[in-house]
Each structure stands twice: as structure tokens, then as C-alpha cells.
Amino acid sequence: MAQSTLDGAARAAPHPRRAALIGAASLVVLAVAATAGARYGLLLAIGLGFGVALEGLRFGFAGPWRALLLRREPAGVLAQLLAIALVAVVAIPLVSQGDGEIIGAHAPVGWAMVGGAFVFGAAMQVVLGCGSGTLVNAGSGNPVGLLALPFFALGSFAGAWHLLWWTDLGTLPLVVLEGTQGLLVTLALLGAVAAALLWIAAPGARRLPRRLVAAALAVAALALANLAVAGQPWGVVYGLGLWAAKGAAALGVDLSASAFWAAPGNVERLGASIFTDVTSLTNIGIIAGAFLVAAWRAGGLSAPLPRLPLRAWVAVAVAGLAMGYASRLAFGCNVGAFFSGISTGSLHGWVWFAAALAGSAAGLRLRPALGLEGPR
Amino acid sequence: MTRRLTAGLAVAALLALAAFDLATAELDPYGAPPLFALGSGQGSGGAHCAALPE
């Protein structure tokens with residue numbers, strides 16, 4: 001009887017904690033809506049949804065690319081392609097209206113863009129977290145993600161500072177797949193990539209688990225909500241660079257020396273609150289949402305921290321910096337360029353995919369030498 | 001040490017970021033844009049990693 005009571009208490013114990021987590025998250029969303037505006041509260045809620053979906057359903061980018069390259073397991077990448085296709089069906093027609101209410105993640109292909117995507121792909125395998133993955137990992141208590149995140153922000157700030165110099169090296173005209181024809185071409189390309197992945201898949205690895213289907217549906221719905229509320233696609237990198245830029249300005253750095261940070265739109269955002277910046281809000285929401293899931297799960301935060309050699313921690317910091325810098329040159333990370341670029345019809349999203357996949361193959365080879373593989 | 005420490009640090013970093021921001025910038029809920037950009041008739045701000053500065 002006594003044991004039964006103890007068991008009951010153990011089962012009941014999570015409920016007050018979980019109620020407190022939901023209550024705290026709701027309060028923060030309401031506070032932002034009341035003090036900054038309803039749109040910004042809603043964007044924070046969308047960010048929380050991303051964090052919960054990504055961590056709760058274990059939907060990511062770096063991990064599935066690793067599984068594809070090392071073990072020919074394409075399920076995670078197929079789920080990414082499914083989510084992108086679902087968003088594209090709505091987003092490409094909306095963006096193609098061209099009235100400026102809704103803009104796409106459109107950027108030109110260029111030398112720096114391709115090189116940036118390659119470096120980002122390599123660095124994200126070192127960290128084993130992409131743009132969104134680093135946020136999720138930090139929020140769920142992964143110390144590698146937590147260390148990489150501030151360096152990611154610094155790199156994004158520095159990459160933005162130098163962006164125009166890099167784009168001057170050579171950039172093609174902007175190519176956007178628009179209208180019904182653009183949507184059909186995008187869906188056909190996504191289908192062709194999916195078919196190729198299924199063809200090369202290891203025996204028994206061609207199934208898409210229900211969990212990943214649910215994750216793809218959730219991420220697609222949240223990405224469309226982001227588009228309808230913010231007027232722009234889901235992104236990560238701009239907000240991180242903005243945080244570092246605000247910090248630099250507070251320390252006395254003269255941002256007017258940078259053509260990027262001195263541009264009128266960026267000056268305005270530097271003077272405004274991050275609680276009115278779209279990507280800042282969704283980034284904060286992703287970190288907090290991942291924390292909610294980790295704290296919600298029984299034992300979710302009780303995993304011991306990994307014991308890595310010093311060179312591994314140094315490598316994580318350098319890779320975080322490289323991810324931030326390279327993602328600016330590449331006009332986005334896996335979210336802003338790959339996911340949002342392709343789903344809104346930008347050619348650079350496809351080029352980013354190819355270059356970052358090649359970079360990922362290189363990054364996977366670096367991990368053992370950097371002390372990031374083996375027993376933890 | 002467990003992830004409780006690092007997750008706590010992540011939350012503390014978010015709180016510090018919010019405190020820094022609130023100390024250096026003002027919020028104006030009355031000047032906020034409509035709830036949805038879609039159908040608002042207003043142009044998007046363009047603060048996105050794919051956007052070059054204008």
C-alpha cells in the first residue's frame with residue numbers, strides 16, 4: 001500500500017511542474033502581446049510551437065543529413081522535403097501575387113553564396129546542429145549547442161558586416177520560380193530528389209515513420225503561420241546577428257562603418273526592441289519551446305553532460321562562428337535558405353542544398369579528428 | 001553535472017537578453033502592425049537573412 005502511494009505520488013509529481021511550464025509560457029506570450037503588440041505575441045507563440053515540434057518530435061536537419069550520408073537512411077530528409085512541398089503549395093502562389101504583403105526568401109546565386117553554404121554544411125556537422133538545431137539543442141540543455149550559439153550570433157554579425165564585399169565577388173541575377181509553373185517545377189524537383197533518395201536508400205530504410213510525418217505537418221503549418229503573420233518566411237540567422245550587433249553597439253562599436261548595418265532598415269531595427277523583430281521572436285520561442293519539452297519529459301534534463309576533450313570544445317566554438325558567418329554569405333541557413341528559399345521558389349535554395357550537402361560530407365570526416373566522436 | 005545546469009544557463013541567457021533589450025529599447029503596443037501581414041495592405045519589413053540591404 002505504502003509503495004502504491006509512493007508510485008502514485010511519483011506519477012502525480014510532474015503535473016504541477018507541467019502546469020507551471022504551460023502557465024509561464026502563456027504568460028510570457030501574453031506579456032509580449034500586451035507590451036509590444038498582438039502580432040509579436042503571436043510570433044513568439046509560433047516560435048514556441050517550432051521549438052516544441054522540433055524537440056518533441058525530434059525533427060531536425062543536421063542529424064538526418066548525417067544519417068543519409070553515413071547510413072543511407074533518408075527518412076529525415078524525406079520529411080524535410082515533405083514539409084517544404086506542403087509550404088510551397090501555399091507560399092509560392094502567395095508570394096507570386098507580388099503586392100509586397102508577403103515576401104519570399106529570394107536571394108541570388110553567387111560565388112560567396114555557394115562557398116558559404118558549403119562551409120555551413122561542414123560546420124553544422126561538426127556542431128551536429130543546424131540553424132534551428134543549435135537553438136533547439138541550446139534550449140534542451142545540450143552543452144555543444146549552448147556553446148555554439150553565441151559564436152553563431154557573433155559570426156552572423158560579422159558575416160553581415162562583410163556581406164556586400166562578398167556579393168561583389170560575383171553574383172548571378174535573381175532567379176525565382178513563380179506562379180503555377182514555378183510551383184509545379186518546385187514540386188517536380190522535390191519529387192525527383194525524394195525518388196533519388198528512395199532509390200539509393202539502404203534496404204529497410206525506405207519507410208517514413210508516422211512521427212516524422214506528424215513533424216513535417218506541424219513544421220509546415222507553423223512555417224505558413226509565420227508567413228501569414230510576419231509577411232516573410234521562417235528564418236533564423238538575421239535575428240542572431242541583430243542580437244550581436246546590438247551588443248556591439250552597446251560596447252561602443254561604430255556600426256556606421258558597415259554598409260550592411262548602416263542601411264536604413266537595419267539602423268531602424270538596431271534602435272527597436274528585439275520583441276518587434278520577427279526572427280528574434282521565433283528564435284527565442286524555439287529555444288524556450290525546446291526547454292519546455294525537455295523540462296516536460298520525465299528525466300528530460302537528467303542526462304549527464306558529455307566529457308569531451310578541450311579540442312572538441314574549441315572546434316565547437318570555431319564551427320559556431322563559421323556557421324554564423326557562412327550562413328550570412330549563403331543568404332541563410334537550413335531554415336532561411338534551404339527550407340524557406342525552396343518553399344518560396346528561390347533558386348538559391350536549391351544551390352544551397354547541393355553545396356551544403358557536399359559540405360556536410362566534409363564535416364562528417366572532421367568530427368573524429370576533432371574529438372567529437374566516440375564515447376561520451 | 002546534468003543538462004539541468006546547461007538548460008538553466010540557456011534560460012538565464014534568454015532572460016539576460018530580454019533585460020538588456022528592455023533597458024535599451026522602448027516598446028509601443030499602440031504603434032504595432034496588424035495581427036496578420038496577409039491582408040493588411042502593408043509591405044513586409046524584410047528583416048530576413050535572404051534580403052540584401054536596400
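Residues numbered from 1 in each chain as written. Chains lettered and ligands numbered in written order. Predicted model: local features only at pLDDT ≥ 70, side-chain atom pairs only at ≥ 80, totals over all residues. Heavy atoms only, no water.

Some details on the overall build of chain A
When you go through chain A residue by residue, the secondary structure sums to 16 helices and zero strands. With the principal axes as the frame, chain A shows a C-alpha extent of 75 × 55 × 45 Å. Buried positions account for 56% of the 376 residues belonging to chain A. Pairs at least 24 apart in sequence give 82% of the contacts found in chain A among residues at least 6 apart. In chain A, the 21 positive side-chain charges and the 11 negative ones have mean positions that sit 17 Å from each other. (Helix = DSSP H or I, 4+ residues; strand = E, 2+ residues; numbered from the N terminus. Buried < 20%, exposed > 50% of the residue type's maximum accessible area, 1.4 Å probe, protein only. Contact = heavy atoms within 4.5 Å. Lys, Arg positive; Asp, Glu negative; His and termini not counted. Charge placed at Lys NZ, Arg CZ, Asp CG, Glu CD.)

Looking at the interface of chain B and chain A
Taken together, the 44 residues of chain B in the interface contact 67 residues of chain A. Carbon and sulfur atoms supply 68% of the area buried between chain B and chain A, which totals about 4200 Å² over both sides. Area buried by chain B at its contact with chain A is led by Arg3(B), His48(B) and Cys49(B), which between them contribute 17% of it. Linking chain B with chain A are one salt bridge, by the criterion used here. A salt bridge links Asp21(B) to Lys246(A); its shortest N-O distance comes to 3.8 Å. The interface formed by chain B and chain A holds 20 residue pairs in polar contact (both at pLDDT 80 or more) in total. Of the residues in the side of chain B that touches chain A, the class split is 27 nonpolar, eleven polar and six charged. (Buried area = accessible area lost by both parts, 1.4 Å probe. Salt bridge = Lys/Arg side-chain N within 4 Å of Asp/Glu carboxyl O. Polar contact = N/O pair within 3.5 Å; in protein donor to acceptor, adjacent residues only side chain to side chain. Nonpolar A, V, L, I, M, F, W, Y, C, P; charged D, E, K, R; others polar.)

What to know about the confidence of the model for chain A
Averaged over all residues, the pLDDT of chain A equals 94, while 96% of them reach at least 70. Scored below 50 in pLDDT, residues 1-12 of chain A shows zero contacts in the model against residues more than four places distant or in partner chains. (pLDDT = per-residue confidence, 0-100.)

Some points on unusual backbone geometry
Residue and element names in this part refer to chain A. We note that Arg58 has phi near 50°; this positive angle belongs to a residue other than glycine. In this structure, Arg58 sits in the loop between α3 (38-56) and α4 (62-71). In this model, Leu128 sits at a positive phi of 55°, which is unusual for a non-glycine residue. Secondary-structure assignment places Leu128 in the loop between α6 (111-127) and α7 (131-139).

Some thoughts on the side chain of Asp21(B)
As for its position among the elements, Asp21(B) is in helix α1 (residues 3-24). With residues near it in sequence (within four places) discarded, Asp21(B) still touches Lys246(A), Ala272(A), Ser273(A), Ile274(A) and Phe275(A).

So, the environment of Ala295(A)
Residues and elements named next belong to chain A. For Ala295, the location among the structural elements is in helix α13 (residues 278-296). By relative accessible area, Ala295 is classed as buried at 11%. Considered as a pair, Ala295 and Ala138 are 157 residues apart in the sequence and their alpha carbons are 13 Å apart. Apart from residues no more than four positions distant in its own chain, Ala295 is found in contact with Arg17, Leu21 and Leu301.

Notes on the environment of Ala148(A)
Residues and elements named next belong to chain A. Mapping Ala148 onto the fold places it in helix α8 (residues 143-167). Placed 166 residues apart in sequence, Ala148 and Val314 show a C-alpha to C-alpha distance of 9.8 Å. Excluding residues that lie within four positions of it along the chain, Ala148 makes contacts with Val127, Thr134, Val316 and Gly320.

Examining the packing of α3(A) against helix α10 (residues 210-230) of chain A
Residue and element names in this part refer to chain A. With their axes 10 Å apart at the nearest point, α3 and α10 run at an angle of 165° to one another. Here α3 lies roughly antiparallel to α10, going by the angle between them. In this structure, the crossing between α3 and α10 has a hand that is left-handed. Packed against α3, whose contacting residues are Arg39, Leu42, Leu43, Ile46, Gly49, Phe50, Ala53 and Leu54, the element α10 presents Ala218, Val219, Leu222, Ala223, Ala225, Asn226, Val229 and Ala230 at the interface. Residue composition of the contact of α3 with α10, grouped by class: 13 nonpolar, two polar and one charged. (Axes fitted to C-alpha atoms, helices over the stretch in contact; angles between N-to-C directions. Parallel < 35°, antiparallel > 145°, perpendicular 65-115°, else oblique. Left-handed = near helix turned anticlockwise from the far one by under 90°.)

Re the nonpolar core
Most often, soluble globular proteins keep nonpolar side chains buried together rather than apart. Residues and elements named next belong to chain A. Counting residues in hydrophobic clusters, the biggest one holds 125 residues, and the most contacted among them are Phe59, Phe120, Trp234, Trp261, Phe338, Phe339 and Trp352. At twelve residues, the largest contribution of residues to this core is made by helix α5 (residues 75-96). Once residues within four sequence positions are removed from consideration, Phe338 is found in contact with Phe61, Trp65, Gln80, Leu81, Ile84, Cys333, Gly349, Trp352 and Phe353. (Core = buried A, V, L, I, M, F, W, Y, C linked by side-chain atoms within 4.5 Å.)

Details of a nonpolar patch on the surface
A contiguous nonpolar patch, built from Trp111(A), Trp165(A) and Leu169(A) and spanning about 450 Å² of accessible area, is present on the exposed surface. Here Trp165(A) is to be found in helix α8. (Patch = residues over 30% accessible without salt bridge, like charges linked within 9 Å, V, L, I, M, F, W, Y side chains within 5 Å. Areas by Shrake-Rupley, 256 points an atom, 1.4 Å probe, with all protein chains shown as cover.)

Things to note about the side chain of Arg66(A)
Residues and elements named next belong to chain A. Here Arg66 shows up in helix α4. Assessed through its relative accessible area of 17%, Arg66 is described here as buried. Among residues more than four places away in sequence, those in contact with Arg66 are Arg71, Gln125, Leu128, Leu364, Arg367 and Glu373.

Considering helix α14 (residues 310-329) of chain A
Residue and element names in this part refer to chain A. Spanning 20 residues, α14 covers 29 Å between terminal C-alpha atoms, matching the ideal 28 Å at 1.5 Å per step. By the burial criterion, the buried members of α14 are Ala312, Ala315, Val316, Ala317, Ala319, Gly320, Met323, Gly324, Ala326, Ser327, Arg328 and Leu329. On the buried face of α14, the contacting elements are α6, α7, α8 and α11 (237-250). Once α14 finishes, Phe331 follows within two positions and takes phi at roughly 55°, a positive value. (Expected span 1.5 Å × (residues − 1).)

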